[in-house]
Amino acid sequence: MNIHEYQAKELFKKFDIPIPQGRVAFSVREAKEIAEELASMPVVVKAQIHAGGRGKGGGVKLAQSIPEVESVAGEILGMTLVTHQTGPEGKLVRKVLVEEGLEIDKELYLGVVPDRATARLIFMASEAGGMDIEEVAASTPEKIIRQQVKPGDGLQGFQARSLAYGLNLEPELIKQFIPLVAKLYNLFLQYDCSLVEINPLIITKDKRLIALDAKINVDDNALYRHKEIQDFRDLDEEDPMEVEASKYNLNYIKLDGNIGNMVNGAGLAMATMDIIKLAGAEPANFLDVGGGASAEMVENGFRIILSDKNVKGVLINIFGGILRCDILAQGVVEAANKVGIGVPVVIRMEGTNVEEGRRILDESGLDLKVATDVWDAASKVAEIAKSA
Amino acid sequence: MSILVDENTRLLVQGITGKEGQFHTRQCVEYGTNVVAGVTPGKGGQEMDGIPVFNTVEQARQETGANAAMIFVPPGFAADAIMEAAAASIEVIVAITEGIPVLDMMKCYHAVKSSGSRLIGPNCPGIISPGKCKVGIMPGPIHWEGSVGVVSRSGTLTYEVVDQLTKNGVGQSTCIGIGGDPIIGTNFIDALQLFQADPGTSGIVMVGEIGGSAEEDAAEFIVDSVSKPVIGFVAGLTAPPGRRMGHAGAIISGSSGTAQAKIEAMEKAGITVVKNLGELGTTAVEVFGN
């Protein structure tokens, strides 16, 4: 799960990781009040959306006076911010972070991620802060220094020191940096993070280390034990159809094509999207109904797929294992009767109780095209897309 | 022949008294798996379909000689269950549970490695040696005994692949679902190594998906260390970057982890990569014969 910069900074504050003074504002009036409290200029106004690249997109602005704070906050609040991570449609800005402006001497990078291959946490640090770290890793990998930490052993002093010396920090900054690394590690463990990133971690002109930005992702699997993080969920940042799907435990991701599809199992769902494309059409979504889908889940899945107005045809691909084909067939028939399906539907079923499932579909009187295998199904549905 | 599980497997089921545990234990027994014990803390002394239930894995192993474990414990307690099995020296541990927190798995991973046990999963369908032993939730009847090894990160996609193999007359030695999570006990390379060493396996089908670099690493390993023919498939060519596609491990980040990059690495390694899933079975006949 993604959280906002201002929420991440609340967590930083709790762990005593230095951040600029400031707060989140939902209106121009609040932004002005915060700027007045700060009582120093300049002030930075930062759009709060779940995407990077906000500065380049015009979502981060500097103000030199209170009236200017009001005018930039007014510009940013309510704007549709387009960055390389939002997609061309952009995201509506509903809140801004108002912070003291600081005099920057140098920008560093510090991040922690789990490494799948070694099952350890990796600390990454770089003197090339403030830039896209993926770009640094690709073009100048030598500028990133790494330390691997095994959670059972914990972060060792020498590892924090290696990072500090690798960043060529002066002695008085090393004294600030080492405890900061330890706090970051504790925060990562405390909240089951899947990413913590400070980019940039700045050195101010008066020799202080401060987290100018903060990015935290939390492991979805661990959310159940973090009520505090659950409360950070911002439904405005999520696709409304995906929010609707999550209510029914359906795993739905909206895409740009016109062929809706419903599949059991994530791998098969991805492979089904791929074969739709290979057959000459474009998938409109990813939808995994899971291994133990009920008739009700199938019905809701249908409703969500069909609420996407781009959808011209639907492909259902089910490999019955735990989810039996007869149960699926019943769900499809019930859904068709309740929801009313206005587009052609191709069904491909295989596995447990497939004969019974096919019989139910045949006898339903519904206009369903039954496919014999995956390629047959994809070809049939692509044909529909072409004629639509 | 086969790898990891066969007619000598003596299975214990952790979480045997839960709904899923009961259902799938019965399915495994029906397939012919020798289920010798169940473990549910607090329910020691009870029975499930005549299978004795114990409070601890250690006790179950001592009393029944269990050498493999299948885990259906809920996600918040599953890492603990895996470590319990490893501490009791269970040789093969198959964790079916989906949704275990990554940090729990990190600790668990190292505990299992130092114990000498082999972990398969978590978040996997399990492992089956057709005709001999099924430890998992896959539908038994689609499998057919033969000499092709299957290793996959997915569940139902594996069933699709196996079904096509069987329908085309290509039998399987062992099929392993290694799991869709970022941190798993057995990776592609481990499975490839076992299949390469197994005289009963003559060819391998490897089913990957987006996220991480396991397929690329496996491709490199194949060049140096696998002489048997390999067919590959990778799901997720149309997946958008940065999104979790159902499996926690299936995220493309930046330019790494894409299906395209994996396919290229596999082709470079001499693997026959199937682009159209519908042609996997027929390609297997061409490559392996039947």
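Residues numbered from 1 in each chain as written. Chains lettered and ligands numbered in written order. Predicted model: local features only at pLDDT ≥ 70, side-chain atom pairs only at ≥ 80, totals over all residues. Heavy atoms only, no water.

## Focus on unusual backbone geometry
- Going from Met41 of chain A to Pro42 of chain A, the amide bond is cis rather than trans, its omega being 0 degrees.
- By the secondary structure assignment, Pro42 of chain A is in the loop between helix 2 (28–38) and strand 2 (43–47).
- Omega for the peptide link from Gly121 of chain B to Pro122 of chain B comes to 10 degrees, which places this bond in the cis form.
- Even without being a glycine, Lys207 of chain A presents a positive backbone phi close to 60 degrees.
- When you line up the elements, Lys207 of chain A lands in the loop between strand 10 (193–204) and strand 11 (209–211). (Helix = DSSP H or I, 4+ residues; strand = E, 2+ residues; numbered from the N terminus.)

## Looking at the packing of aromatic side chains
All names here are of chain A.
- Scanning the entire structure with this criterion turns up three aromatic pairs over all chains.
- On the basis of an interplanar angle of 65 degrees and a centroid distance of 6.0 Å, the ring pair of Phe15 and Tyr191 is categorised as edge-to-face. Of the two residues, Phe15 is situated in the loop between helix 1 (5–14) and strand 1 (22–25) and Tyr191 in the loop between helix 6 (171–190) and strand 10; the sequence distance between them amounts to 176 residues. No difference in accessibility class separates Phe15 from Tyr191, as the two residues are buried.
- Taking the centre distance of 6.2 Å and the plane angle of 35 degrees together, the rings of Phe123 and Tyr185 count as tilted. You can see Phe123 sitting in strand 8 (residues 120–126) and its partner Tyr185 sitting in helix 6, a full 62 residues away along the chain.
- Its relative accessible area of 0% is what places Phe123 among the buried residues.
- Assessed through its relative accessible area of 6%, Tyr185 is described here as buried. (Phe/Tyr/Trp six-rings, centres within 6.5 Å; stacked < 30°, edge-to-face > 60°. Buried < 20%, exposed > 50% of the residue type's maximum accessible area, 1.4 Å probe, protein only.)

## Some remarks on the interface of chain B and chain A
- Counting from both sides, the interface comprises 50 residues of chain B and, opposite them, 46 residues of chain A.
- Buried area between chain B and chain A, summed over both chains or domains, comes out near 3,700 Å², and the portion from carbon and sulfur atoms is 64%.
- Linking chain B to chain A there are three salt bridges.
- With a closest N to O distance of 2.8 Å, Asp104 of chain B and Arg225 of chain A form a salt bridge.
- One can count ten residue pairs in polar contact (both at pLDDT 80 or more) joining chain B with chain A.
- Among the elements of the structure, helix 4 (102–115), helix 5 (156–167) and strand 13 (230–235) of chain B are those that each provide at least two residues to the side of chain B that touches chain A.
- Along the lines of polarity and charge, the residues of the side of chain B that touches chain A split into 24 nonpolar, 16 polar and ten charged. (Contact = heavy atoms within 4.5 Å. Buried area = accessible area lost by both parts, 1.4 Å probe. Salt bridge = Lys/Arg side-chain N within 4 Å of Asp/Glu carboxyl O. Polar contact = N/O pair within 3.5 Å; in protein donor to acceptor, adjacent residues only side chain to side chain. Nonpolar A, V, L, I, M, F, W, Y, C, P; charged D, E, K, R; others polar.)

## So, the sheet that holds strand 13 of chain B
Residues and elements named next belong to chain B.
- Reading across the sheet, the seven strands line up as 9-8-11-10-12-13-14 and stay open at both edges, with mixed pairing between neighbours. Bordering the open sheet on either side are strand 9 (133–136) and strand 14 (272–273), each of which pairs with just one other strand.
- Across two bridges, strand 13 lies against strand 14 in parallel orientation. Looking at the pairing, Gly232 lines up with Val273 of strand 14.
- Most of the contacts of helix 1 (residues 19–31) go to strand 9, to which it runs at about 165 degrees, and overall it touches strand 8 (126–129) and strand 9. (Pairing = 2+ DSSP bridges. Axes fitted to C-alpha atoms, helices over the stretch in contact; angles between N-to-C directions.)

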